[in-house]
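Architecture and fold: a report
Chain by chain, the residues:
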Amino acid sequence: MKNWRSWLALPALVLLANAWALVSVARNRSGEPGAVIELTDAELRAELAREENSGVAFHLEWLGPARWPSYREEWLDAAKLAELGVPTARGQQRPGKPVFVALEYDGPAWKDWMEKHPPEEVKDPPIPRSRSRLVVVDAARDAATLRRRYPDRSRYWITRGLVRAHYEQEKEQRRIRGYVSMLVPDLIHVPLPWSEHLREWERKRPSGSPSPRYRVRLAVGHNLEPWVVDVRPESRP
Amino acid sequence: MAEPRTRAQAQQRADRLRVFQEELARLEAEDALHLTSQQRERLNSHVDTTMRGLARDFDIDTTESQRQVSWGMRIAATAGALALCAAVVSFFYRYWGLLATEVQVGLLAVTPIACAAGAEFAARRERTLYFTGLISVVALGAFVLNVSVMGLIFNLVPTPGAPLAWGAFAMFLAYRYGLRLLLLAGIGFGMAFVGAMLTLAAGYFWPQMIELPETLLIAGLLSMGLPWVVPHRKRADFPFVYLMAGLLVAFLAVLVLSTVGENSLLPFGDKTTEPIYQVLGQAGTALAVWLGVRKGLPGVVNMGALFFILFLYARFVDWWWDWMPKYLFFLIIAGVSIGLLLVFRALRGRMTGAT
């Protein structure tokens, strides 16, 4: 039987993997955050009531064709797809291309969409919260380019995404369009004590009443990895 | 002949001795061979001593009944290991949200180390390594959980470092204790790492390797070739696992590419790419059958034959399914199957003649 000394390579590997992750976290969160943005329960939907999983996470919701099929990211045209290097020459199942995207919160893109597509609820101000006000407004091959274009760090969140191309038949013409199929990460972990607060608000909610509203302060680090800075309740209008 | 160094080699020797004794008894009953009482005594004594020695040193099965029970133990150990993994993961997920981040990180790191220590402890106390294998699988499951949940807790962007670390962990356990299941897991993670790196090099997000089968084709070929580069004198049964795992992944990748050419990285259209991989798949599977027969590797022959038929049927579906009456389609499939049966029978007959 081999000796214990060689076995030590195994715990060393485990510790190295964990240290690597922790150093990566420390580097991401060191210094001034890349962005600090305040979002609501419309953009960050909490998943709470899970019997087999006590963890709480926010699902990132953004206004895009994946969730709203009638929505078109008009700026993702053939020229933009070529600039991003998204393969378009062949069929529709071609893999998407990883890019950096700029998400705009509660800005002109969302207001423009709401003006063009006023939902019934809009008659009753304020504008309903069921729709995320987070809109992908631009994409580039590197994050720095986007940050230069969108310097407001409290409104624009630069993150990673996957852009795919597909063809649409418009009248007699086949037109190529792009869409953001995925954002990375699209799930944001909620640590204690905020996870407990969210559970408590949910527990205290009278039965039949709408789910609790909250505002989330989210910081984004140098490696574009976000983390929750604060979660606070917000009264329903 | 060299003395057996592993349990597998010892088991092979014991099996040969048992078959030899059975055949000897039959030959004597058929009056084809007669041993003197002195010869018989010497032979029995030698066989008994050898069997006892093998059983003492390697805890092998010396009878058919023992062998059958061992299979049951192996199946129970594998099922138990997988169930225990599921229990560890489910337990963690049920309670982790109630723990502070520091405690979560600590627990995640300590669990695989504790399980690995348990595996080492078990290995020092048993020769059959059933419990060692079981605890090793749980240790790997705990390490996979560790790295993935660290990514979740800190919202980390996934990196190919994860399959690399899992593969290294599984390989270490596999080579230390001679566990083929852990080797298979290690090869799987290793191929995922190679596929991920090639996907990154091609300018894509690494989990997209599933969408780009050529990256996995290369990983499969590397797995097949590795035993030729790295000799396995001590773990003589390992090269076969590398070969079969690599062959399976490579054939699957080519099968996908022969049907969905759009996902190819080759600079041609899907109309050109698909036929290339169709020819490559059909020729590759035929080559595998031929090489398997020549080298005496029944696993390779079976895998080659299975994929040869799959490639063939995939083409038939492409060509005829949409327009041909279904009874005619299945009639053709049946006809081709009978044709293949005749080809394999002729091949078998030729092999018998050669023998």
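Residues numbered from 1 in each chain as written. Chains lettered and ligands numbered in written order. Predicted model: local features only at pLDDT ≥ 70, side-chain atom pairs only at ≥ 80, totals over all residues. Heavy atoms only, no water.

1. Observations concerning the overall build of chain A
Looking only at helices and strands, one finds six helices and ten strands in chain A. Counting only contacts in chain A whose residues sit at least 6 apart along the sequence, the fraction spanning at least 24 positions is 67%. If you sum the accessible surface of chain A, you get close to 12,300 Å²; carbon and sulfur atoms cover 54% of it. (Helix = DSSP H or I, 4+ residues; strand = E, 2+ residues; numbered from the N terminus. Contact = heavy atoms within 4.5 Å. Areas by Shrake-Rupley, 256 points an atom, 1.4 Å probe, with all protein chains shown as cover.)

2. A word on helix 8 (residues 213-229) of chain B
Residues and elements named next belong to chain B. An ideal rise of 1.5 Å per residue puts 24 Å on 17 residues; helix 8 measures up with 24 Å between its terminal C-alpha atoms. The largest bend in helix 8 comes to about 25°, at Ser 223, with the proline Pro 227 one to four residues further on. Considered for burial, the residues of helix 8 that qualify are Pro 213, Glu 214, Thr 215, Leu 216, Leu 217, Ala 219, Gly 220, Ser 223, Met 224 and Pro 227. On the buried face of helix 8, the contacting elements are helix 7 (180-201), helix 9 (238-259) and helix 10 (270-295). (Expected span 1.5 Å × (residues − 1). Bend = angle between axes of the 7 residues up to and from the residue. Buried < 20%, exposed > 50% of the residue type's maximum accessible area, 1.4 Å probe, protein only.)

3. Describing the domain arrangement of chain B
All names here are of chain B. The domain architecture assigned to chain B consists of domain 1 (1-62) and domain 2 (180-323). Here the C-alpha centre of domain 2 lies 41 Å away from the C-alpha centre of domain 1. The partner domain 2 presents four residues to the four residues of domain 1 that form the contact. The largest share of the area that domain 1 buries against domain 2 comes from Arg 5, Thr 6 and Gln 9, three residues that together contribute 84% of it. Counted by class, the side of domain 1 that touches domain 2 contains one nonpolar, two polar and one charged residues. (Domains from an automatic or database assignment. Buried area = accessible area lost by both parts, 1.4 Å probe. Nonpolar A, V, L, I, M, F, W, Y, C, P; charged D, E, K, R; others polar.)

4. Remarks on the nonpolar core
Grouped together as the largest cluster of nonpolar side chains are 38 residues, with contacts concentrated most on Phe 143, Phe 169, Leu 173, Tyr 177, Leu 182, Leu 183 and Ile 187 of chain B. Among the elements of the structure, helix 2 (9-29) of chain A together with helix 3 (64-95), helix 4 (101-123), helix 5 (130-153), helix 6 (161-177), helix 7 and helix 9 of chain B are those that each provide at least two residues to this core. Each residue touching Ile 187 of chain B, except ones within four places of it in the same chain, is listed here: Met 171, Ser 223, Val 241, Tyr 242 and Ala 245 of chain B. Ranked by size, the runner-up nonpolar core spans 36 residues in total, among them Leu 103, Leu 134, Val 190 and Val 220 of chain A. (Core = buried A, V, L, I, M, F, W, Y, C linked by side-chain atoms within 4.5 Å.)

5. Regarding the interface of chain A and chain B
Across the boundary between the two partners, chain A contributes 51 residues, which contact 57 residues of chain B. Between the two partners, chain A and chain B, sit two salt bridges. Across the pair Glu 211 of chain B and Arg 164 of chain A runs a salt bridge, and its minimum N-O distance is 3.1 Å. Here chain A is connected to chain B by 16 residue pairs in polar contact (both at pLDDT 80 or more). Put simply, the parts of the chain that give the side of chain A that touches chain B at least two residues each are helix 1 (4-7), helix 2, strand 4 (97-105), strand 6 (156-170), strand 7 (173-184), strand 8 (187-190), helix 6 (194-204) and strand 10 (226-234) of chain A. It is helix 2 of chain A that provides the largest number of residues to the side of chain A that touches chain B, a total of 13 residues. Its residues assigned to classes, the side of chain A that touches chain B shows 26 nonpolar, 14 polar and eleven charged. (Salt bridge = Lys/Arg side-chain N within 4 Å of Asp/Glu carboxyl O. Polar contact = N/O pair within 3.5 Å; in protein donor to acceptor, adjacent residues only side chain to side chain.)

6. What to know about the side chain of Gln 282 of chain B
Mapped onto the elements of the fold, Gln 282 of chain B is located in helix 10. In contact with Gln 282 of chain B, not counting residues within four places along its chain, are Phe 308, Phe 311 and Leu 312 of chain B.

7. A word on helix 7 of chain B
Residues and elements named next belong to chain B. In a regular helix each residue adds 1.5 Å, so 22 residues correspond to 32 Å; helix 7 covers 31 Å between its end C-alpha atoms and thus fits that length. Taken together, the buried positions of helix 7 are Leu 182, Leu 183, Gly 186, Ile 187, Met 191, Ala 192, Gly 195, Ala 196 and Thr 199. Looking at the packing, one finds that the buried side of helix 7 touches helix 5, helix 6, helix 8 and helix 9.

8. With respect to the pattern of salt bridges
All names here are of chain A. The final tally for this structure, using the stated rule, is 21 salt bridges over all chains. Between Arg 133 and Asp 106 there is a salt bridge, with the nearest N and O atoms lying 3.2 Å from each other. Remark: Asp 106 occurs in the loop between strand 4 and helix 4 (108-116) and Arg 133 occurs in the loop between helix 4 and strand 5 (134-140); sequence separation between them is 27 residues. A relative accessible area of 15% means that Arg 133 is categorised as buried. Taken together, the salt bridges that share partners define one network made up of Glu 38, Arg 215, Arg 217, Arg 232 and Glu 234.

9. Regarding the pairing of strand 5 of chain A
Residues and elements named next belong to chain A. The element strand 5 is extensively covered by neighbouring structure, given that seven of its seven residues are classed as buried. Bridge count between strand 4 and strand 5: six bridges; the pairing is antiparallel. If you follow Leu 103 over to strand 5, its bridge partner there is Val 136. (Pairing = 2+ DSSP bridges.)

10. Regarding the packing of aromatic side chains
All told, the structure shown has 17 aromatic pairs over all chains when counted by the stated rule. Relative to Tyr 214 of chain A, the ring of Phe 58 of chain A has its centre 5.6 Å away and its plane inclined at 25°; by these criteria the two rings are stacked. Taken together, the positions of Phe 58 of chain A in strand 3 (residues 56-60) and Tyr 214 of chain A in strand 9 (residues 213-220) put the pair 156 residues apart, joining distant regions of the chain. The exposure class assigned to Phe 58 of chain A is buried, which follows from its relative accessible area of 0%. Their ring planes at 80° and their centres at 5.9 Å tell us that Trp 321 of chain B and Phe 330 of chain B sit as a pair that is edge-to-face. Classification of Phe 330 of chain B by relative accessible area gives partly exposed; the value is 48%. Put simply, the rings of Tyr 313, Phe 316, Trp 319 and Trp 320 of chain B touch in pairs and so form one group of aromatic residues. The positively charged end of Lys 97 of chain A is found above the aromatic ring belonging to Tyr 204 of chain B, 4.4 Å away from the centroid. Of note, Arg 125 of chain B hangs over the ring of Phe 121 of chain B, and the distance from its end group to the ring centre comes to 3.9 Å. (Phe/Tyr/Trp six-rings, centres within 6.5 Å; stacked < 30°, edge-to-face > 60°. Lys NZ or Arg CZ within 6 Å of the ring centre and 35° of its normal.)

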